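Next come the chains, spelled out residue by residue.
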Amino acid sequence: PFPQFCQPSGWQLFPERNPPTFFVAVLTDINSERHYCACFTFWEAVETPQPQSHPRNGEGEEEEEEPSSPVQPAQLFAPKSLVLVSRLDHAEVFRVS
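Calculation rules
Residues numbered from 1 in each chain as written. Predicted model: local features only at pLDDT ≥ 70, side-chain atom pairs only at ≥ 80, totals over all residues. Heavy atoms only, no water. Helix = DSSP H or I, 4+ residues; strand = E, 2+ residues; numbered from the N terminus. Buried < 20%, exposed > 50% of the residue type's maximum accessible area, 1.4 Å probe, protein only. Polar contact = N/O pair within 3.5 Å; in protein donor to acceptor, adjacent residues only side chain to side chain. Phe/Tyr/Trp six-rings, centres within 6.5 Å; stacked < 30°, edge-to-face > 60°.

K.L.:
Outline the environment of Lys80, supporting the account with residue identities and numerical values.
P.N.:
Tracing the backbone through its elements, the reader meets Lys80 in strand 3 (residues 76-86). Classification of Lys80 by relative accessible area gives partly exposed; the value is 36%. C-alpha of Lys80 to C-alpha of Thr41: the two residues are 39 residues apart in sequence and 5.6 Å apart in space. At 2.9 Å, the side chain of Lys80 and the side chain of Glu44 are in polar contact.

Below you can see the structure in the form of structure tokens.
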């Protein structure tokens, strides 16, 4: 329901690895009970799919394939989050100095 909760910048891929982030959020449930969320986000490299070659302009498949391009696909980085939820207000325990 709240995709921006752990990823304030969204769930998008970036061309470079961003520095890790840490923040604490407090959620209040329907019974007015507080839940403390320690959120640690880091960036992980993802594999990009290789483009597939397709016959051009109705050319048959019997034709020899062109040599593959030596160009490597760009590496992308995706956010990954670890979220610890507690009813106790001790989030400083989870923060790394």
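K.L.:
I'd like a description of the packing of aromatic side chains, backed by residues and values.
P.N.:
The tally for this structure, following the rule as stated, stands at 2 aromatic pairs. For the pair Phe14 and Trp43, a centre-to-centre distance of 5.2 Å together with 90° between the ring planes defines the contact as edge-to-face. Linking Phe14 in the segment before strand 1 (21-28) with Trp43 in strand 2 (residues 34-46), this pair joins segments that are 29 residues apart in sequence. The class of Phe14 is partly exposed, set by a relative accessible area of 22%.

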